[in-house]
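Residue-level structure breakdown
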Amino acid sequence: MGPWTYYSPFAVGVLLVLALSGTLRASVPHLSDAAAYSYIAAIALGGGIVAQLLMLGIQGARAQVLPVPVGRSIRGRPAVTAGYLILNSALLSIVAFLLGNESLTTASWVLAILAAGSALGAVLIYIWSWPVAAPDFRDES
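Now for a look at the structure at hand. Note on numbering: residues in each chain are counted from 1, in written sequence order. The predicted nature of this model means local features are confined to residues of pLDDT at least 70 and side-chain atom pairs, given and counted, to a pLDDT of 80 or more, with totals for whole chains, interfaces and linings taken over all residues. Neither water nor hydrogens contribute to the side-chain values; these are computed over all heavy atoms in the structure.

Remarks on the overall build of the chain
Put simply, the rule is: Numbering of helices and strands starts at the N terminus; helices are DSSP runs of H or I of at least 4 residues and strands are runs of E of at least 2. Residue exposure (1.4 Å probe, protein chains only): buried if accessible area is under 20% of the type maximum, exposed if over 50%, otherwise partly exposed. The contact rule is simple, with two residues in contact once any of their heavy atoms fall within 4.5 Å. Surface accessibility in these figures is a Shrake-Rupley result with a 1.4 Å probe; residues are shielded only by whichever protein chains are displayed.
Along its length, the chain carries six helices and three strands. In the chain, the order of α-helices and β-strands from amino to carboxyl end is α-α-α-α-β-β-α-α-β. Residues classed as buried in the chain amount to 32% of the 141 residues present. Residue pairs in contact within the chain that sit at least 24 positions apart in sequence constitute 58% of those at least 6 positions apart. A total of about 9100 Å² of accessible surface is found on the chain, and carbon and sulfur atoms cover 71% of it.

Details of the environment of V68
By the secondary structure assignment, V68 is in strand β1 (residues 65-68). Residues V68 and A133, spaced 65 residues apart in sequence, show a C-alpha to C-alpha distance of 7.4 Å. Not counting the four nearest positions on each side in its chain, V68 is found in contact with S73, I74, Y126, W130 and A133.

Here we look at the environment of I86
Position of I86 among the secondary structure elements: in helix α5 (residues 77-101). Classification of I86 as buried rests on a relative accessible area of 14%. Ignoring sequence-local partners within four residues, the contact set of I86 consists of L53, L56, G57 and A122.

Considerations on the packing of helix α4 (residues 33-63) against α5
Rules: Helix axes use the C-alpha atoms of the stretch in contact, all axes being lines fitted to C-alpha atoms, and the angles between their N-to-C directions lie in the range 0 to 180 degrees. Note that the term roughly parallel is reserved for angles under 35 degrees, roughly antiparallel for angles over 145, roughly perpendicular for angles of 65 to 115, and oblique for everything else. Left-handed is the label given to a crossing in which the near helix is rotated counterclockwise from the far helix by less than a right angle, and right-handed is the label when the rotation is clockwise. The classification used treats Ala, Val, Leu, Ile, Met, Phe, Trp, Tyr, Cys and Pro as nonpolar, Asp, Glu, Lys and Arg as charged, and all other residues, Gly among them, as polar.
Where α4 contacts α5, the axes come no closer than 7 Å and their chain directions differ by 150°. When the axis of α4 is compared with that of α5, the two are roughly antiparallel. Crossing geometry of α4 relative to α5 is assigned as left-handed. Touching Y39, I43, V50, L53, L54, L56, G57, I58, G60, A61 and R62 of α4 are A79, V80, G83, Y84, I86, L87, A90, L91, I94, F97 and N101, all from α5. Classifying every residue of the contact of α4 with α5 gives 17 nonpolar, four polar and one charged.

Remarks on the sheet that holds strand β2 (residues 72-75)
The test is simple: Strands are labelled as partners when DSSP assigns at least two bridges between them.
The three strands lie next to each other as β1-β2-β3, forming an open sheet whose pairing is antiparallel. In this open sheet, the two strands that pair with only one neighbour each are β1 and β3 (134-135). In this sheet, β3 lies alongside β2 in antiparallel orientation, the contact comprising two bridges. In the sheet register, S73 faces β3, and the bridge partner there is A134. Across the face of the sheet, α5 comes into contact with β1 and β2 while running at roughly 80° to β2.

Structural notes on unusual backbone geometry
If you check the backbone angles, Q64 has positive phi at about 55° while not being a glycine. Structurally, Q64 can be placed in the loop between α4 and β1. Assessed through its relative accessible area of 42%, Q64 is described here as partly exposed. Its identity is not glycine, yet V70 carries a phi of approximately 65°, on the positive side. Considering the arrangement of structural elements, one finds V70 in the loop between β1 and β2. A relative accessible area of 75% places V70 in the exposed class.

So this is what it looks like as structure tokens:
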């Protein structure tokens, strides 16, 4: 898998949000043009990050592997658990954002806190499993 393939979800997430930029601009009529486009750019960046996290979570949950820098990978149960927590965090973040835009602040805050808890769990599992990450591409002689 090359870098274009691996980071393409980020580009797709950004482009998806930018495709909705007219609707997003109409949702904030009280902002000046510069502030509105900064808002849209921030949401586009967030959309790209969430799309990349969804791909990373699926990779951990289904392929049972999470990449670690310097040519190593977390494999097995820690990768699956962290992958599902990443997916949970990303999906809860999306729903919390949508509920927040609909002025359902209590539900939005509850889901945002649950998303943050899932993200914290994924980070802790990732950090805990990092020292025992298996080297990639070694000969199995």
